[in-house]
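So the chains spell out like this:
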Amino acid sequence: MKKSKFQFTDPELEKLEFDINTEYNADKFDGIVLESHTQVKRNDSNEAYIALTLRIGGNEENQPFSILVKMSANFSWEENLEEKLVKSLLKSNAPAALLSYMRPIVSMMTMSSRYPALNIPFIDFTQNEISEE
């Protein structure tokens, strides 16, 4: 097995909020709402801080709960990678990696509530909007 030219540090949980929606009406439930935001802070070298913020559910009566979770890590890559590939890795692969660390947290949290465990589905980050700082 060959080590990837794109690496990251241990992800850190930066924020976690969970609220049961007391106004929830199960008759109006039409699926859980998921929204994501990716923050990218590149430095002068081959490193970037990436933070993925995920909003799940909401306070509308068709959502059973509201979750906000933010995870981050520092990503690095070898100098010989093309800039186009680096941008793609930071936009798609980095948030996908962070999402994999969010899944068990969200699942355990929802499993401990009155609702069934929520297993976050795969998300296509290729059209992901990012904010670069």
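Everything below is about the structure shown above.
Residues numbered from 1 in each chain as written. Predicted model: local features only at pLDDT ≥ 70, side-chain atom pairs only at ≥ 80, totals over all residues. Heavy atoms only, no water.

Caption draft 1: Representation of the nonpolar core. In this structure, I50, I56, F75 and L90 are the most contacted members of the largest nonpolar core, which totals 28 residues. Going through the elements one at a time, β4 (47-57), β5 (65-77) and α1 (83-111) are the ones with two or more residues in this core. Looking at which element gives the most residues to this core, the answer is α1, with nine residues. In this structure, F75 is in contact with F6, Q7, F8, N46, E47, A48, I50, L90, A94 and L98, ignoring residues within four places of it in sequence. (Core = buried A, V, L, I, M, F, W, Y, C linked by side-chain atoms within 4.5 Å. Buried < 20%, exposed > 50% of the residue type's maximum accessible area, 1.4 Å probe, protein only. Helix = DSSP H or I, 4+ residues; strand = E, 2+ residues; numbered from the N terminus. Contact = heavy atoms within 4.5 Å.)

Caption draft 2: Quick peek at the pattern of salt bridges. As enumerated under the stated definition, the model contains four salt bridges in all. The shortest N-O distance in the salt bridge between E14 and K70 comes to 3.5 Å. Residue E14 is located in strand β2 (residues 12-20), and its partner K70 is located in strand β5; the two are separated by 56 residues in the primary sequence. Given the relative accessible area of 38%, E14 is considered partly exposed. As a salt-bridge pair, E83 and R42 come within 2.5 Å of each other at their nearest N and O atoms. You can see E83 sitting in helix α1 and its partner R42 sitting in strand β3 (residues 34-42), a full 41 residues away along the chain. Taking relative accessible area as the criterion, R42 reaches 29% and is therefore assigned partly exposed. (Salt bridge = Lys/Arg side-chain N within 4 Å of Asp/Glu carboxyl O.)

Caption draft 3: Summary view of the pairing of β4. Most of β4 sits out of view: eight of its eleven residues are buried. Where β3 and β4 come together, nine bridges link them in antiparallel fashion. Across the sheet, T38 pairs through a bridge with L52, a residue of β4. The antiparallel pairing of β3 with β4 creates a hairpin that spans four residues between the two strands. Relative to β5, β4 runs antiparallel, the two sharing eleven bridges. Bridging across to β5, Y49 finds its partner in N74. (Pairing = 2+ DSSP bridges.)

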